[in-house]
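Fold and geometry: a report
Now for the letters of each chain:
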Amino acid sequence: MAASVFLTVNGCRHAITAAGNTPLLAILRNDLGLNGPKYGCGLGACGACTVLMDGKAARSCVVSLNAAAKCKNIVTLEGLSPDGSDPVQKAVVAAQAAQCGYCLNGMVMTLRAFLDANPHPDEDELKAALRYNLCRCGTHVEIMRAARIAAG
Ligand code: FES
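Residues numbered from 1 in each chain as written. Predicted model: local features only at pLDDT ≥ 70, side-chain atom pairs only at ≥ 80, totals over all residues.

- Looking at an unreviewed UniProt entry, the protein carries the name Isoquinoline 1-oxidoreductase alpha subunit, with the source organism given as Acetobacter pasteurianus NBRC 3278.

Structure representation (structure tokens):
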């Protein structure tokens, strides 16, 4: 049954009317027109849909609208830095990490959350941070290069 709740996304408050179990990913893409989070598996397994929920990486395909409404702020790629100036985004460009690019938004958001919590990771920590973000093109080598650049 549809109900109205408020979501704060990229600093803007939105009234959303939908069933409480609607995936956050569907709300972001279909209701709010935010296409940064991508639909990959829909099962919480690939990471393409990753957003920040109160600063922590979350897979928006498996977060319900009701759960999202409890969050103070949700950040999508669009809200990370509208001009692409976030150091993680710049590192992805510098490393030419994209092949098809579909997974990269989720990689960027996952890495942003990780580096905010752990600004000076070692190689193993970087690998562990991204190990559950999947890239079907197999460009993990370039993505890891971007991660090293972003980590300084
Ligand atoms: Fe959400 Fe794959 S689409 S984890």
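**Overview of helix α5 (residues 104–117)**
- Relative to the 20 Å expected for 14 residues at 1.5 Å per residue, α5 spans 20 Å between its end C-alpha atoms, a close match to the ideal helical length.
- Here α5 lies mainly inside the structure; twelve of its 14 residues are buried.
- By the burial criterion, the buried members of α5 are L104, N105, G106, M107, V108, M109, T110, L111, R112, A113, F114 and L115. (Helix = DSSP H or I, 4+ residues; strand = E, 2+ residues; numbered from the N terminus. Expected span 1.5 Å × (residues − 1). Buried ≥ 20, exposed ≤ 12 C-beta atoms within 10 Å, placed from the backbone.)

**A word on the pairing of strand β4 (residues 56–59)**
- In the sheet, strand β3 (residues 50–53) pairs with β4 via four bridges, with the strands oriented antiparallel. Note on β4: the bridge partner recorded for V51 is A58.
- Taking the residues that link successive antiparallel strands as the turn, the β3-β4 hairpin has two residues, and the phi of D54 there is positive, at about 50°. (Pairing = 2+ DSSP bridges.)

**Remarks on the packing of helix α4 (residues 87–94) against helix α7 (residues 140–151)**
- In the contact formed by α4 and α7, the axes pass within 8 Å of each other and the chain directions differ by 135°. Between α4 and α7, the crossing angle belongs to the class labelled oblique. Note that α4 runs across α7; the crossing there is right-handed. Judged by residue contacts, P87, V88, A91, V92 and A94 of α4 engage A146, I149 and A150 from α7.
- Partitioning the contact of α4 with α7 into residue classes produces eight nonpolar, no polar and no charged. (Axes fitted to C-alpha atoms, helices over the stretch in contact; angles between N-to-C directions. Parallel < 35°, antiparallel > 145°, perpendicular 65-115°, else oblique. Left-handed = near helix turned anticlockwise from the far one by under 90°. Contact = placed C-beta atoms within 7 Å. Nonpolar A, V, L, I, M, F, W, Y, C, P; charged D, E, K, R; others polar.)

**A look at the packing of α5 against α7**
- For the pair α5 and α7, the least separation of the axes is 11 Å and the interaxial angle reads 35°. Between α5 and α7 lies a crossing whose hand is right-handed. Taking contact as the criterion, the partners of M107, L111 and L115 in α5 are, on α7, I143, A147, A150 and A151.
- Among the residues forming the contact of α5 with α7, the class breakdown is seven nonpolar, no polar and no charged.

**A word on the pairing of strand β1 (residues 2–9)**
- Bridging between β1 and strand β2 (residues 12–19) involves eight bridges; their strand directions are antiparallel. Residue pairing across strands places A2 opposite A19, the latter belonging to β2.
- From the end of β1 to the start of β2, which pair antiparallel, there are two residues, and N10 there has a positive phi angle of about 50°.

**Things to note about the domain arrangement of the protein**
- Domain parsing of the protein yields domain 1 (2–80) and domain 2 (87–151).
- A separation of 21 Å is found between the C-alpha centroids of domain 1 and domain 2.
- Tallying the contact residues gives 15 residues for domain 1 and 14 residues for domain 2.
- Put simply, the parts of the chain that give the side of domain 1 that touches domain 2 at least two residues each are β3, β4 and α3 (77–80).
- The biggest single contributor to the side of domain 1 that touches domain 2 is β3, with three residues. (Domains from an automatic or database assignment.)

**Describing the confidence of the model for the protein**
- Across the protein, the average pLDDT comes to 96, with 100% of residues at 70 or higher.
- With a pTM of 0.96, the predicted complex shows an ipTM of 0.98. (pLDDT = per-residue confidence, 0-100.)

**Describing the nonpolar core**
- Of all hydrophobic cores here, the largest spans 46 residues; its most connected members are L52, I74, V108, L111, A147 and A150.
- With eight residues, the top contributor of residues to this core is α5.
- If you count residues domain by domain, this core takes at least three from each of domain 1 (2–80) and domain 2 (87–151).
- Look past the residues within four positions of A150 in its chain and what remains in contact with it is P87, V88, A91, L111 and L115. (Core = buried A, V, L, I, M, F, W, Y, C linked by C-beta atoms within 7 Å.)

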